[in-house]
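# Analysis of the macromolecular model
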Amino acid sequence: MARIIGGIGTTHVPSIGKAIAEKKHADPYWKPFFSGFGYVHGWLARERPDTMVIFYNDHGLNFFLDKLPTFAVGAAPEYRNEDEGWGIPVSRAVAGDPDFSWHLINGLVADEFDVTMCQEMLVDHAVTIPMALMWPDESWPVKVVPIEINTVQHPLPSLNRCLALGRSVGRAIESYQRDLKVLVVGTGGLSHQLDGERAGFINREFDELCMDRLIDQPEALTRYAIPEFVELAGAQGVEFLNWMAMRGALTGSVRQLHRNYHIPISNTAAATVVMENGPGAGLRAA
Ligand SMILES: [Fe+2]
């Protein structure tokens, strides 16, 4: 049976891709961010996941405002990246696992999440940058199921809905017959706003509250309606919805193994969290 080893939450801002390409890891601006991945590399080398389910938001590469699904699941044998215009190198393709994807899609639809099913899908920096951060040697030893969440075009799904989406995915993972070790990832955030009167807005106190509650009491975060969350975390801080889904997919007793938080990277509060999915009933609800 498939087993969920844990979850990783990470920022995905495009400038990270440029910094990687220019090998700026030791640069004083970048070092506090990149050094937070040392633990991640060691943990992944020990745990050796086979497959990664990654919750992310597309920024206009595969979906644009004219057609933007609330939730979309990739079911392709591979996912290509293309030039997004950020000046970062185009990534190589990411390997998919269609059989596992269809299993997750069946589970989601049975749980009444009417997702968009994508047998062709480009993935943008919100998938490729986290992969480059997690496996800097570019080995990318996992197959990937990308799950897109709309954090761009309002109305957005609620925090509660994304937590429930994750829980459905977690149940589906654990009912898969193949012996896979599955890593769950949520990308984006934390607090940031890129435009308008509040451009540059960051809220450290709220980010820390979100990271704390995500570990031990994710339901407590569902009290925030999207407009209130935007006020507290910034217009693009709602990418935290991807972290909520990741947390929802962790079915066991969850423990924080590692956290790094650094302000700012490209006007964004950059955070990296690793969570263990231990044995036990956890906080899962129906
Ligand atoms: Fe983003």
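Residues numbered from 1 in each chain as written. Predicted model: local features only at pLDDT ≥ 70, side-chain atom pairs only at ≥ 80, totals over all residues. Heavy atoms only, no water.

A few words now on the nonpolar core. Counting 55 residues, the largest nonpolar core has Val53, Phe55, Phe100, Leu165, Ile173, Phe229 and Phe240 as the members making the most contacts within it. Here the element with the most residues in this core is helix 6 (residues 159-174); it accounts for seven residues. Non-local contacts of isoleucine 173, meaning those with residues more than four positions away in its chain, are made with Ala2, Ile4, Val53, Phe100, Leu104, Val182 and Val184. Among the nonpolar cores identified, the runner-up in size contains 40 residues, and Ile8, Tyr56, Ala76 and Leu183 belong to it. (Core = buried A, V, L, I, M, F, W, Y, C linked by side-chain atoms within 4.5 Å. Buried < 20%, exposed > 50% of the residue type's maximum accessible area, 1.4 Å probe, protein only. Helix = DSSP H or I, 4+ residues; strand = E, 2+ residues; numbered from the N terminus. Contact = heavy atoms within 4.5 Å.)

Attention now moves to the coordination of the iron ion. At this site the iron ion is bound by His12 (NE2), His59 (NE2) and Glu239 (OE), with donor distances of 2.0 to 2.1 Å. Here the donor residues of the iron ion are spaced in sequence according to H-x46-H-x179-E. With a gap of 47 residues between them, histidine 12 in the loop between strand 1 (3-10) and helix 1 (14-21) and histidine 59 in the loop between strand 2 (51-56) and strand 3 (71-74) connect regions that are remote in the sequence. Owing to a relative accessible area of 2%, histidine 12 belongs among the buried residues under this scheme. (Donors = N, O, S within 2.8 Å, 3.2 Å for Na, K, Ca; no water.)

What follows deals with the sheet that holds strand 7 (residues 143-149). Ordered in space as 6-3-7-2-8-1-10-9, the eight strands form an open sheet in which the pairing is mixed. Sheet topology places strand 6 (116-118) and strand 9 (253-265) at the edges, where each strand pairs with a single neighbour. Adjacent strand axes in the sheet meet at a mean angle of 15 degrees when their direction is disregarded. Pairing of strand 2 with strand 7, which is carried by six bridges, proceeds in the parallel orientation. (Pairing = 2+ DSSP bridges. Axes fitted to C-alpha atoms, helices over the stretch in contact; angles between N-to-C directions.)

This part takes up the state of the cysteines. All told, the structure shown has zero disulfides when counted by the stated rule. Here cysteine 162 stays unpaired: no disulfide links it, and the sulfur of cysteine 210, its closest cysteine neighbor, is 13 Å away. Its relative accessible area of 0% is what places cysteine 162 among the buried residues. (Disulfide = S-S within 2.5 Å.)

Attention shifts here to the side chain of asparagine 242. By secondary structure assignment, the location of asparagine 242 is in helix 9 (residues 240-248). For asparagine 242, a relative accessible area of 0% puts it in the buried group. Filtering out sequence-adjacent residues up to four positions away, asparagine 242 remains in contact with Phe55, Tyr56, Asn57, Ile149, Thr151, Gly186 and Thr187.

Sheet analysis places strand 9 next to strand 10 (residues 268-278), joined by 10 bridges and oriented antiparallel. When the bridges of strand 10 are listed, glutamine 256 appears paired with methionine 275. Connecting strand 9 to the antiparallel partner strand 10 that follows it, the hairpin turn spans two residues, and serine 266 within it adopts a positive phi of roughly 55 degrees.

Functional significance is not addressed by these values, which are geometric in nature.
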